[in-house]
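A look at the structure
Next come the chains, spelled out residue by residue.
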Amino acid sequence: TPSGKPDLGKIFDRDLQALTNALWASGAEAVAVNGQRLSATSPIRKAGGAILVDFRPVASPYEITAIGPDDMRERFEDTGAARLMDRLVDVEGIRFDVRDRDDLTLPAATEPSLDYARAVGGGASPFSTGTTTGQPSPPESPSPSTSPTGGG
């Protein structure tokens with residue numbers, strides 16, 4: 001911090017990352033931070049003074065919701081992230097609680113945008129097939145007549 005004092009009582013992006021990863025590891029099937037649904041490619045990052053979830057700012061207080069199996073709470077409570085939050089509650093005075101709900105609904109996740117590499121300068125790519133679909137084609141397997149036989 002500019003004053004040289006630690007940010008006591010403050011939640012960081014790495015704390016949200018640890019909590020959401022612990023929920024996934026505990027069996028969560030869906031996770032959201034402040035209503036922002038996470039996908040497998042959703043980043044949680046700090047940008048300036050804000051925390052971004054899937055490139056959208058979220059503000060304190062942070063509410064993480066998760067849908068999962070009946071034993072998810074017990075599995076989550078055995079994680080390092082849950083123990084860290086318990087310590088932060090004791091030392092820093094942060095409020096952290098876990099509640100069970102039977103009627104939880106989460107919004108749909110945004111569609112991830114995946115990019116693929118393309119050959120530069122018109123050169124042939126090992127994945128090109130002469131068509132322009134925007135999707136790479138997998139490399140072809142050698143046919144039996146061209147594969148090594150190892151005999152002699």
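Residues numbered from 1 in each chain as written. Predicted model: local features only at pLDDT ≥ 70, side-chain atom pairs only at ≥ 80, totals over all residues. Heavy atoms only, no water.

**Digging into the pairing of strand β1 (residues 30-33)**
Burial along β1 is two-sided: A30 and A32 facing one way and V31 and V33 facing the other are all buried. Here 4 bridges tie β1 to strand β6 (residues 64-67), and the two strands are oriented antiparallel to one another. In the sheet register, A30 faces β6, and the bridge partner there is I67. Across 2 bridges, β1 lies against strand β2 (residues 36-37) in antiparallel orientation. Note that in β2 the partner of V33 across the bridge is Q36. (Buried < 20%, exposed > 50% of the residue type's maximum accessible area, 1.4 Å probe, protein only. Helix = DSSP H or I, 4+ residues; strand = E, 2+ residues; numbered from the N terminus. Pairing = 2+ DSSP bridges.)

**As for the packing of aromatic side chains**
Throughout the structure, instances matching the rule amount to 0 aromatic pairs. Here the basic side chain of R14 rests over the ring of F12, its NZ or CZ set 4.4 Å away from the ring centre. (Phe/Tyr/Trp six-rings, centres within 6.5 Å; stacked < 30°, edge-to-face > 60°. Lys NZ or Arg CZ within 6 Å of the ring centre and 35° of its normal.)

**What about the sheet that holds strand β3 (residues 44-47)?**
Spatially, β3-β4-β5 is the arrangement adopted by the 3 strands of the open sheet, whose pairing is antiparallel. With one partner strand each, in any of the chains shown, β3 and β5 (56-58) form the two edges of the open sheet. Averaged over all adjacent pairs, the angle separating strand axes in this sheet is 45°, with direction ignored. Where strand β4 (residues 50-53) and β5 come together, 3 bridges link them in antiparallel fashion. Opposite V53, over in β5, you have R56 as the bridge partner. Contacts between helix α1 (residues 13-25) and the sheet are confined to β3 and β4, with β3 contributing the most and set at about 175° to the helix. (Axes fitted to C-alpha atoms, helices over the stretch in contact; angles between N-to-C directions. Contact = heavy atoms within 4.5 Å.)

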